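Per-entry structural report
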Amino acid sequence: MTSTPMLPASALSGVRQVVRRTPAYPFTPVSAAIKLDQNESALDLPAELRDLALQRLAHTEWNRYPDLHADTLRDKIAEFEDWNPDGVVVTPGSNVLIKLLTEMAGVNQRVLSVQPNFSVYGLEASMLGATLLQVPLKPDFSLPVEGLVAELQKGGPGLLFVTQPHAPTGHLDAESDVKAVLDAAGDDWVAVLDEAYYQFADSDGRALVAERSNRISLRTCSKAWGLAGLRLGYALTSPELAQNLQKLVSAFNINILTQTVAMTALEHPEYMRQRVAQTVQERQRILAALQGHPVYTGLPSQGNFFLLKTPDAAAAYQHLLSRGLLVRRQDGMPMLEGCLRIGIGTPEQNSALLAALAEVTG
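Being a predicted model, the structure only gives us computed values, none of them experimental.

1. Points about the UniProt feature "domain: Aminotransferase class I/classII large" (unreviewed entry) in the chain
On the UniProt side, "domain: Aminotransferase class I/classII large" (unreviewed entry) is annotated at positions that read residues 34-357 here. Regarding residues 34-357, the helix share stands at 41% and the strand share at 17%, and the terminal C-alpha atoms are separated by 14 Å.

Written as structure tokens, this is what we have:
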């Protein structure tokens, strides 16, 4: 067996201290029969749409670079979203947009969000040397409007992240509360409304984003569209802000496979809407079945996932894994002691989950 040589300390001398200190993204792949740990769609692109996309791809020139800024796909997204195409920015996943937004408005400035929250906000702020501020959520997981407004009124410039519905709690706030926070950002902050799960909550922040030119909606094809493997996300914003954000996006960053499949999906959105309806129905079924459980509590959610409150997250995780069910521990995050995050699967997978949970009686 060949061993990997240890690098001398000097090999890292050129790496910035903030990068060395920042932990890696907290995810370790685990094999299981039923995968409910990453908030993915439980269903792939319908077979007939997959075949159509592959037929189109077969007639695409693979020896040519794709569009410089995913221009064809950008126009299709703009048509679907009823948005000015000059205000659409497309990247390989909304995680990339979070990084680029932090580069654009967070470096040597402030990044404001809540706690607990999607870990990538904090990781990117840390690695890029931004000043990270996180205001704790209220006990019911609602937005701490007063605390956020107070921080915003201290002045920018900076970057604000508001997630609706929130991850990892699944909480959806009143639009008036979201508006109050965005309004407090004024002109000094770039205000980001992360809407990765909006379809499952029947919410839509486009009208709020359109009110001011320094606001952005982040959206993804990884969840409701069932295209996580493609890595595709996009931003809806003003042409002025989009022009500056686009400067940070690498040229030719969307390949022809991603563009072809995404175009095909966008032309047939009915499959996505049907799956969202099924996911919401299954989410309601699971949470209703968990009412009165002697040990576990299913917390309300407006996402394609929910939090399960347990006395011992490690034990609950291992019990489910022993039944072939992979979920995500969240008990290391503030306010989420004993919590697991569980994605909504197919009806059969969800029934297997409920059966495994019913085995725990005390």
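2. Here's the deal with the domain arrangement of the chain
The domains assigned to the chain are domain 1 (17-38 + 270-359) and domain 2 (61-268). Here the C-alpha centre of domain 2 lies 24 Å away from the C-alpha centre of domain 1. In this complex, domain 1 contributes 29 residues to the contact, which on the side of domain 2 involves 31 residues. Interface area, domain 1 with domain 2, both sides summed: about 2,500 Å², of which 68% is carbon and sulfur. Linking domain 1 with domain 2 are zero salt bridges, by the criterion used here. Elements supplying a minimum of two residues to the side of domain 1 that touches domain 2: helix 1 (17-21), helix 12 (270-290) and strand 10 (305-309). The element contributing the most residues to the side of domain 1 that touches domain 2 is helix 12, with eight residues.

3. Observations concerning the nonpolar core
Taken as a class, soluble globular proteins show a tendency for nonpolar side chains to be buried jointly. Of all hydrophobic cores here, the largest spans 59 residues; its most connected members are Leu-73, Val-90, Leu-160 and Leu-227. The leading source of residues in this core is helix 11 (residues 256-266), at five residues. Looking at which domains feed residues into this core, each of domain 1 (17-38 + 270-359) and domain 2 (61-268) supplies at least three. Among all residues touching Leu-73, those that are not within four sequence positions of it are Val-90, Leu-232, Ile-254, Gln-259, Ala-262, Met-263 and Leu-266.

4. Regarding the pairing of strand 4 (residues 131-136)
In terms of strand pairing, strand 3 (residues 110-115) meets strand 4 through six bridges, oriented parallel. Its bridge partner being in strand 4, Val-114 is matched across the sheet by Val-135. For the crossover from strand 3 across helix 5 (residues 119-127) to strand 4, the handedness is right-handed.

5. Side note on the UniProt feature "modified residue: N6-(pyridoxal phosphate)lysine" (unreviewed entry) in the chain
The UniProt feature table records "modified residue: N6-(pyridoxal phosphate)lysine" (unreviewed entry) at Lys-223. In this fold, Lys-223 is placed in the loop between strand 7 (215-220) and strand 8 (233-236). The class for Lys-223 is buried, based on a relative accessible area of 14%. Those residues in contact with Lys-223 that lie beyond four places of it in its chain are Gln-38, Asn-39, Ser-41, Ala-196, Tyr-197, Phe-200 and Asn-304.

6. Quick notes on the environment of Pro-29
By the secondary structure assignment, Pro-29 is in the loop between helix 1 and strand 1 (34-35). Considered as a pair, Pro-29 and Leu-326 are 297 residues apart in the sequence and their alpha carbons are 9.9 Å apart.

7. Thoughts on the sheet that holds strand 13 (residues 339-343)
Reading across from one edge, 9-10-13-12 is the order of the four strands in this open sheet, with antiparallel pairing throughout. Each edge of the open sheet is held by one strand with a lone partner, namely strand 9 (297-298) and strand 12 (328-329). Strand direction decides the pairing type here: strand 10 and strand 13, joined by five bridges, are antiparallel. Bridge pairing in strand 13 places Leu-308 opposite Leu-340. Sitting on the sheet, helix 12 touches strand 9 and strand 10, and the angle it makes with strand 10 is about 15 degrees.

Conventions used here
- Residues numbered from 1 in each chain as written.
- Predicted model: local features only at pLDDT ≥ 70, side-chain atom pairs only at ≥ 80, totals over all residues.
- Heavy atoms only, no water.
- UniProt positions renumbered as here; feature names shortened; annotations may be inferred.
- Helix = DSSP H or I, 4+ residues; strand = E, 2+ residues; numbered from the N terminus.
- Domains from an automatic or database assignment.
- Contact = heavy atoms within 4.5 Å.
- Buried area = accessible area lost by both parts, 1.4 Å probe.
- Salt bridge = Lys/Arg side-chain N within 4 Å of Asp/Glu carboxyl O.
- Core = buried A, V, L, I, M, F, W, Y, C linked by side-chain atoms within 4.5 Å.
- Buried < 20%, exposed > 50% of the residue type's maximum accessible area, 1.4 Å probe, protein only.
- Pairing = 2+ DSSP bridges.
- Right-handed = clockwise from strand over helix to strand, strands pointing away.
- Axes fitted to C-alpha atoms, helices over the stretch in contact; angles between N-to-C directions.

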